[in-house]
Amino acid sequence: MNDATEPPWIPSLITIDVEGTHAVDSEHDDPYASVELLDKFLEMVRVPVTLFVTPDVVKQCPETVRGWNRENTTLGLHIHPARVEGGRSDRLGEYDREAIERFLAAGCESFESYLGMTPTSFRAGRWEYCEQLLTALDAQGFERDTSLKPDRAMAPYSHSGIDEYPLTVYSNVLVRLLTKPWDFEGLPLHADAFLGNTVSA
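The paragraphs below set out a description of the structure included in this document.

Rules used in this analysis
- Residues numbered from 1 in each chain as written.
- Predicted model: local features only at pLDDT ≥ 70, side-chain atom pairs only at ≥ 80, totals over all residues.
- Heavy atoms only, no water.
- Helix = DSSP H or I, 4+ residues; strand = E, 2+ residues; numbered from the N terminus.
- Patch = residues over 30% accessible without salt bridge, like charges linked within 9 Å, V, L, I, M, F, W, Y side chains within 5 Å.
- Areas by Shrake-Rupley, 256 points an atom, 1.4 Å probe, with all protein chains shown as cover.
- Salt bridge = Lys/Arg side-chain N within 4 Å of Asp/Glu carboxyl O.
- Buried < 20%, exposed > 50% of the residue type's maximum accessible area, 1.4 Å probe, protein only.
- Contact = heavy atoms within 4.5 Å.
- Arc of directions from axis to C-beta.
- Lys, Arg positive; Asp, Glu negative; His and termini not counted.
- Polar contact = N/O pair within 3.5 Å; in protein donor to acceptor, adjacent residues only side chain to side chain.

**Here we look at unusual backbone geometry**
In the Ramachandran plot, Arg-126 falls in the positive-phi region, its phi being about 60° despite a non-glycine side chain. If you trace the backbone, Arg-126 turns up in the loop between β4 (121–124) and α5 (131–139). The backbone of Ser-160 shows a phi angle near 55°, a positive value even though the residue is not glycine. Its place among the elements puts Ser-160 in the loop between β6 (157–159) and β7 (162–164).

See the structure below:
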């Protein structure tokens, strides 16, 4: 049972950023081919998952994304500012609160127009966690953020009206020993470096 001061848990431990690929980085000519591969994978495994989807994926693959809006799946917004109108840098932390709010509003607009829903969960591209992000998320009506990539394991907490769910961090004695010179105790547990572009049956 959760203490009254604890934020509610996101319904899954598995989160996936859904942003497609750039055609030049892929063996596919279609930069959204990875979205269809993910869809096939989700149909096979049927596990609870939170999907953070970029506005361009929502616009290019609305039927696929709409099919993910079901039990055991949470849809959230994912922003890479360089892919959004008015974005220069891909680092959200380099923008002021007003600019971040504009990116969030544009992202929510795509969810509302193409999916008929408003996201309440968010993850910044490149895990760009910053104070102005949290205040912008609160102003736009978001409830949860998962942008923080900590150096050591952290429990979820609330700040600036937003429930923050830090990325899972793995640690053991060897990891702490090897990373001691850099003053962090754990390694973020993510699969970017281990995943290819194909799903095998």
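**Examining a nonpolar patch on the surface**
Residues Ile-14, Phe-41, Met-44, Val-45 and Val-47 make up a contiguous nonpolar surface patch of roughly 380 Å² in combined accessible area. Checked against the element boundaries, Val-45 lands in helix α1 (residues 33–45). Among the residues examined, Val-45 registers a relative accessible area of 31% and is labelled partly exposed.

**A look at the environment of Met-117**
With respect to the helices and strands, the residue Met-117 is situated in the loop between α4 (97–115) and β4. For the pair Met-117 and Leu-75, spaced 42 residues apart in the sequence, the C-alpha separation amounts to 9.5 Å. Among all residues touching Met-117, those that are not within four sequence positions of it are Asn-69, Leu-75, Phe-111 and Glu-112.

**Observations regarding α5**
Taken residue by residue, α5 has Leu-133, Leu-134, Ala-136 and Leu-137 as its buried positions. Buried residues of α5 fall within an arc of 165° about the axis and therefore sit on the same side. For α5, the elements touching its buried residues are α4, β4, β5 (144–145), β6 and β7. Following α5 by one or two positions, Gly-141 has its phi on the positive side, about 90°.

**Details of the side chain of Asp-163**
Note on placement: Asp-163 falls in strand β7. Buried charge without a partner: Asp-163 forms no salt bridge, and the closest opposite charge is Arg-144, 5.7 Å away. Of the polar contacts made by the side chain of Asp-163, one reaches the side chain of Ser-158; its length is 2.5 Å.

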